[in-house]
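A structural walkthrough
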Amino acid sequence: MGPHPAVAAIRLAVRRVLHDILTEHSRTTDAPAPGSRRAASHEAPHLAQPMAPAVASAATTFATAAYHPARAAVGHRTAHEPSYELPRATPQEPTRTTPHERPPSPLVLVACSGGADSMALASALAFEAPKLGIRAGAVTVDHGLQPGSDLRAEEVVLRMRELGLDPVESIAVTVGREGGPEAAARDARYAALDAAALRHGALAVLLGHTRDDQAETVLLGLARGSGIRSLSGMAAVSGADGRYRRPFLQLDRQTARKACMVQSLPVWDDPHNSDPAYTRSRLRQEGLPALEKALGKGVVEALARTAQLSRDDADALDAWASQAETAVRDSAGLLECAKLYALPPAVRRRILRRAAIEAGAPAGALFARHIEEVDRLITGWRGQGAINLPGKVVAQRQGGRLVIRQG
């Protein structure tokens, strides 16, 4: 008898992502020595070379643990992990091997808060990674925003070790105020995850965002009126060199929770997720249920589908803008207003946004209304003055050229 359908679904989603990671990794490794054979791109690396002893041991452990991860062997290290401030990590030096040594197995980390989505993801990674010759580790970020958050992080570390993940660490961060509490926490979290990936030499970090999270992101983007890129939601692959992977964007939140329940995985429900002080929480508790009541079931699926269609369109327009940008600059690199005017608005505004960001405007603080004002210097020129943008950037028209620079 196979696993519960919810467990099978999360494992399949993770398996697909791990295969993608391995395929991409094989393309970037050095060419094989003469006379040797590298696995084809559709083959997993473990078919071309024996599994590392540590990974083989982990695979054996999980085979005997069946679908009860809590029975898997616990790591030998203590449960109490050291806390870190925002880390100053540098990429690890590549491990040097002799011609007769096998390179170390690739490492994939999971970002786990202890909630149902990330616990389901961690369990699926722990089950699937050893079968593909991949080392699986975990990182939990302690934002320090609630009493006892450090103890909560230690509990998550214990659970990750019980799943057989290694390395596992808890990272304490200081959350600032820029952009609001949600954005500041997100910035601190990703900074910590970036540093952890570099420190451990991980190929990727898996994130537990589900289809429900995607739907919420699309609605938040719609409310901001930020354009098609904002409506495209979260990408399945993002970050530097495609570091972040989101296997669950096609799965709903209930599937992840059900997978945890049938595997007897304890989960933590973050009180911030139901706190009306946070915009996303209000949308989750009130907005989406109201939409489903008014429009019927299927709203979440439709919004997630809209995100994918919007992303495809946005990617095409970004590529067009990138190609057109060279043609609208003069020999000195300044933007020529007449040539910009001839472009479709969607392409022109992308060029303007990119120019503003290159001049120092923070991308997260640059909204559609800012770009519209700059656009009027081209389409509605009546001698108006300079436009002030976030980051102390100024845009103004001078002699038929658009100049965007630090003010």
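In the block above lies the structure referred to throughout.
Thresholds applied
- Residues numbered from 1 in each chain as written.
- Predicted model: local features only at pLDDT ≥ 70, side-chain atom pairs only at ≥ 80, totals over all residues.
- Heavy atoms only, no water.
- Helix = DSSP H or I, 4+ residues; strand = E, 2+ residues; numbered from the N terminus.
- Buried < 20%, exposed > 50% of the residue type's maximum accessible area, 1.4 Å probe, protein only.
- Contact = heavy atoms within 4.5 Å.
- Areas by Shrake-Rupley, 256 points an atom, 1.4 Å probe, with all protein chains shown as cover.
- Pairing = 2+ DSSP bridges.
- Axes fitted to C-alpha atoms, helices over the stretch in contact; angles between N-to-C directions.
- Disulfide = S-S within 2.5 Å.
- Polar contact = N/O pair within 3.5 Å; in protein donor to acceptor, adjacent residues only side chain to side chain.
- Salt bridge = Lys/Arg side-chain N within 4 Å of Asp/Glu carboxyl O.
- Phe/Tyr/Trp six-rings, centres within 6.5 Å; stacked < 30°, edge-to-face > 60°.
- Lys NZ or Arg CZ within 6 Å of the ring centre and 35° of its normal.
- Parallel < 35°, antiparallel > 145°, perpendicular 65-115°, else oblique.
- Nonpolar A, V, L, I, M, F, W, Y, C, P; charged D, E, K, R; others polar.
- Expected span 1.5 Å × (residues − 1).
- Right-handed = clockwise from strand over helix to strand, strands pointing away.

This next bit is on the overall build of the chain. Looking only at helices and strands, the chain has 13 helices and ten strands in total. Within the span of the chain, comprising 407 residues, buried residues form 43% of the whole. In the chain, once contacts between residues fewer than 6 apart in sequence are set aside, the share between residues at least 24 apart is 71%. Total accessible area computed for the chain in this model is approximately 21,300 Å², and 54% of it derives from carbon and sulfur atoms.

Moving on, we come to the sheet that holds strand S2 (residues 135–142). Pairing in this open sheet of six strands is mixed, and the strands run S3-S2-S1-S4-S6-S5 from one edge to the other. Every other strand in the sheet has two partners, leaving strand S3 (168–172) and strand S5 (237–238) as the edge strands with one partner each. With five bridges joining them, S2 and S3 adopt parallel strand pairing. Bridge pairing in S3 places Asp-142 opposite Ala-172. Across the face of the sheet, helix H3 (residues 116–128) comes into contact with strand S1 (107–111), S2 and strand S4 (204–206) while running at roughly 160 degrees to S1. On the sheet, helix H5 (residues 181–200) packs against S1, S2, S3, S4 and strand S6 (244–245) and is oriented at approximately 140 degrees with respect to S3.

Let's shift gears to the state of the cysteines. Such a bond, covalent and formed between the sulfur atoms of two cysteines, is termed a disulfide. Scanning all chains against the criterion turns up zero disulfides. We note that Cys-112 lacks a disulfide partner, and the nearest cysteine sulfur, in Cys-260, lies 8.7 Å from it. The class of Cys-112 is buried, set by a relative accessible area of 2%.

Time to look at the side chain of Gln-263. Relative to the assigned elements, Gln-263 resides in the loop between helix H8 (253–262) and helix H9 (279–295). Residue Gln-263 is classed as buried on the basis of its relative accessible area of 3%. A polar contact is formed between the side chain of Gln-263 and the side chain of Ser-123, at a distance of 3.3 Å.

This part takes up the pattern of salt bridges. Considering all chains together, one arrives at 26 salt bridges under this definition. For Asp-194, the salt bridge goes to Arg-243, with nearest N and O atoms at 2.8 Å. Of this pair, Asp-194 sits in helix H5 while Arg-243 sits in the loop between S5 and S6, placing them 49 residues apart in sequence. Relative accessible area serves as the criterion here: at 12%, Arg-243 is assigned to the buried category. Each of Asp-213, Glu-216, Arg-253, Arg-280 and Arg-284 takes part in salt bridges that share partners, so that together they form one network.

Okay, the sheet that holds strand S9 (residues 393–398) next. Taking strand neighbours across the sheet as the criterion, the four strands line up as S7-S10-S9-S8 in an open arrangement whose pairing is antiparallel. For this open sheet the edge positions go to strand S7 (335–336) and strand S8 (387–389), each flanked by a neighbour on one side alone. Note: S9 against strand S10 (residues 401–406), six bridges, orientation antiparallel. Along S10, the bridge assignment pairs Gln-398 with Arg-401. Packing of helix H12 (residues 345–358) onto the sheet brings it into contact with S7, S8, S9 and S10, and relative to S10 it is tilted by some 35 degrees.

On to the packing of aromatic side chains. A complete count under the given rule lists one aromatic pair for this structure. Ring geometry for Tyr-190 and Tyr-244: centres 5.1 Å apart, planes at 90 degrees, overall edge-to-face. Of the two residues, Tyr-190 sits in helix H5 while Tyr-244 sits in strand S6, which places them 54 residues apart along the sequence. Each of the two residues, Tyr-190 as well as Tyr-244, counts as buried. The ring of Phe-127 has Arg-11 lying over it, and the distance from NZ or CZ to the ring centre is 3.6 Å.

So, on to the packing of helix H10 (residues 299–327) against H12. Relative to each other, H10 and H12 sit at 70 degrees, their axes nearing to 9 Å. The angle between the axes of H10 and H12 places the two elements in the roughly perpendicular class. On H12, the residues touching Ala-314, Leu-317, Asp-318, Trp-320, Ala-321, Ser-322, Ala-324 and Glu-325 of H10 are Ala-346, Val-347, Arg-350, Ile-351, Arg-354 and Glu-358. A per-class count over the contact of H10 with H12 returns eight nonpolar, one polar and five charged.

What follows is about helix H1 (residues 5–28). An ideal rise of 1.5 Å per residue puts 34 Å on 24 residues; H1 measures up with 35 Å between its terminal C-alpha atoms. Within the sequence span of H1, burial applies to Ala-6, Val-7, Ile-10, Arg-11, Ala-13, Val-14, Val-17, Leu-18, Ile-21, Leu-22, Thr-23 and Ser-26. Each element contacted by the buried residues of H1 is listed here: S1, H3, S4, S6 and H8.

All right, on to unusual backbone geometry then. For the peptide bond that leads from Asp-166 to Pro-167, omega is 5 degrees, which places it in the cis range. Within the secondary structure layout, Pro-167 lies in the loop between helix H4 (149–162) and S3. In the Ramachandran plot, Asp-241 falls in the positive-phi region, its phi being about 55 degrees despite a non-glycine side chain. Structurally, Asp-241 can be placed in the loop between S5 and S6.

Quick look at the side chain of Arg-284 now. Note on placement: Arg-284 falls in helix H9. Within the local environment of Arg-284, its side chain forms a polar contact with the side chain of Glu-216, the two groups lying 3.0 Å apart. Beyond its immediate chain neighbours, meaning those up to four positions away, Arg-284 contacts Asp-213, Glu-216, Arg-253, Asn-273 and Pro-289.

Bringing the pairing of S2 into the picture now. Burial of S2 is extensive: seven of the eight residues sit out of reach of the surface. Following the chain from S1 across H3 to the adjacent parallel S2, one finds a crossover that is right-handed. Once the chain exits S2 it traverses H4 before rejoining the sheet at S3, and the crossover so formed is right-handed.

These figures come from the coordinates and say nothing about function on their own.
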